[in-house]
Amino acid sequence: MKQVRPKKNLGQHFLTDLTIARRIADTVDTCPEIPVLEVGPGMGVLTQYLMTKNRMLKVVEIDSESVEYLNKAYPQLTESIISDDFLRMDLNALFDGKPFVLTGNYPYDISSQIFFKMLDYKNLIPCCTGMIQREVAQRIASQPGTKAYGILSVMIQAWYDVEYLFTVDENVFNPPPKVKSAVIRMTRNSVDDLGCNEQLFRTIVKTVFNQRRKMLRVSLRQLIPADAAPEGFFDHELMTMRPEQLTIPQFVELTNLVESIGLSSCHP
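Remember, it's a predicted structure, so these values are computed and weren't measured experimentally. Per chain, residue numbering runs from 1 following the sequence as it is written. Where local features are concerned, this predicted model is filtered to residues with pLDDT of at least 70; where side-chain atom pairs are given and counted, the filter is 80 or more; whole-chain, interface and lining totals use all residues. Heavy atoms from the whole structure form the basis of all side-chain values; hydrogens and water molecules are not counted.

*Asks:* Just checking my understanding: could you explain the pattern of salt bridges for this structure?
*Replies:* Between side chains of opposite charge, a pair can form as their charged atoms come close. In what follows, salt bridge is the name for a side-chain nitrogen of Lys or Arg lying within 4 Å of a carboxyl oxygen of Asp or Glu. All told, the structure shown has 10 salt bridges when counted by the stated rule. K72 is paired through a salt bridge with E68; the nearest N and O atoms lie 3.3 Å apart. Placement of the pair is K72 and E68 together in helix 3 (residues 64–73), with a separation of 4 residues, close to one helical turn. Exposed residues in this analysis have more than 50% of their type's maximum accessible area, buried residues have under 20%, and partly exposed residues fall in between, with area computed by a 1.4 Å probe over protein chains only. Owing to a relative accessible area of 48%, E68 belongs among the partly exposed residues under this scheme. Close ionic contact of E198 with K122 constitutes a salt bridge, the shortest N to O distance being 3.1 Å. Linking E198 in helix 7 (residues 198–209) with K122 in the loop between helix 4 (111–120) and strand 6 (127–133), this pair joins segments that are 76 residues apart in sequence. Overall, E198 belongs to the partly exposed group, its relative accessible area being 29%. Classification of K122 by relative accessible area gives buried; the value is 11%. Look at the salt bridges and you will find they share partners, linking D26, D29 and K53 into a network. Under the DSSP-based scheme used, a helix requires at least four consecutive residues in state H or I and a strand at least two consecutive residues in state E, with every element numbered from the N terminus.

*Asks:* Can you walk me through the nonpolar core in this structure?
*Replies:* Soluble globular proteins: nonpolar side chains tend toward being buried together. Counting residues in hydrophobic clusters, the biggest one holds 59 residues, and the most contacted among them are L102, F115, M118, I125, F201, L220 and F251. Counting residues per element, the ones that place at least two in this core are strand 2 (36–39), helix 4, strand 6, helix 5 (134–141), helix 6 (151–157), strand 9 (181–188), helix 7 and helix 9 (248–259). For this core, the element with the most residues is helix 7, which contributes 6 residues. The contacts of F115, once residues within four sequence positions are left out, are Y106, C128, I132, I140, I156 and M186. In terms of nonpolar packing, the next biggest core, distinct from the first, is built from 28 residues, V28, Y49, L50 and F166 among them. Each nonpolar core is a collection of buried residues, namely Ala, Val, Leu, Ile, Met, Phe, Trp, Tyr and Cys, held together in the definition by side-chain atoms within 4.5 Å. Here a residue-residue contact requires only that any non-hydrogen atoms of the pair lie within 4.5 Å.

*Asks:* I tried to follow the packing of aromatic side chains on my own but got confused; where do I start?
*Replies:* Two aromatic rings are characterised by how far apart their centres lie and by the angle between their planes. Any two of the Phe, Tyr and Trp rings considered here, Trp counted by its six-membered ring, make a pair once their centres fall within 6.5 Å; the pair's planes then place it as stacked at under 30 degrees, edge-to-face at over 60, or tilted in between. Overall, the coordinates contain 6 aromatic pairs when judged by the stated rule. Ring geometry for F209 versus F251: centroids 5.9 Å apart, planes at 35°, classification tilted. In this pair, F209 sits in helix 7 while F251 sits in helix 9, placing the two residues 42 residues apart along the sequence. On the basis of relative accessibility, which here comes to 7%, the residue F209 falls in the buried class. On the basis of relative accessibility, which here comes to 0%, the residue F251 falls in the buried class. Taking 5.1 Å as the distance between ring centres and 90° as the angle between the ring planes, the aromatic pair formed by F233 and F234 counts as edge-to-face. Across the pair, F234 and F233 agree in class, each one buried. Lying over the aromatic face of F86, K117 brings its terminal NZ or CZ to 5.7 Å of the ring centre. By definition, being over a ring means that NZ of Lys or CZ of Arg is both within 6 Å of the ring centre and within 35 degrees of the ring normal.

In short, shape yes, function no, at least from these values alone.
Structure (structure tokens):
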């Protein structure tokens, strides 16, 4: 059967190491029994092992050449191969509104967008696993006080427990990427409510990390008009900190502080 040609514009790097593919497939076992959605199956190197899990499996692939290959290579999956752009899909419609595990060898250039979409559907996705660029995985798993700690770290760790599972070398892909990869697992934590305005929380996190070297009392002035802040507002102890120093509870506290002066839907 004719192999699929990796397409640079889609960020395709096909995994060729079957042992690693099996290890990635096994990461979904943390959330047993519920269906699995694989993003970007390519030629099905991961798909073949997910199929052995005896669970409902659907795969979504934007590349028509890969879709054609999958239909021929895995005819038993034909009804479950979705030719679409994951980022544009309504995930509620996938498994009749039931929860599912998200997994894949994600295209590196859109992995962050995939995880932001996961957050939009966090109540449907109790577990997300897969392979991404190592640098992004390190960012997602990093803790306060580290250089890698940033927007992705805070937004994801607010709702998920993150495990950096293992690193993958460049030489197990066709074509080899210029960076190392990593496999991570994100499992929904017990938080149902952040305890603050979630939209404002997102806005504040993104705003302050866009000026990560500045104290919060400087970066927050983009959001808060000079005449809106009461006297002493910028003297709060949090305001002398830089964003990478704040824990998630402190970001929640900061969000409530900003909302307390009447700003509930400010935009950077």
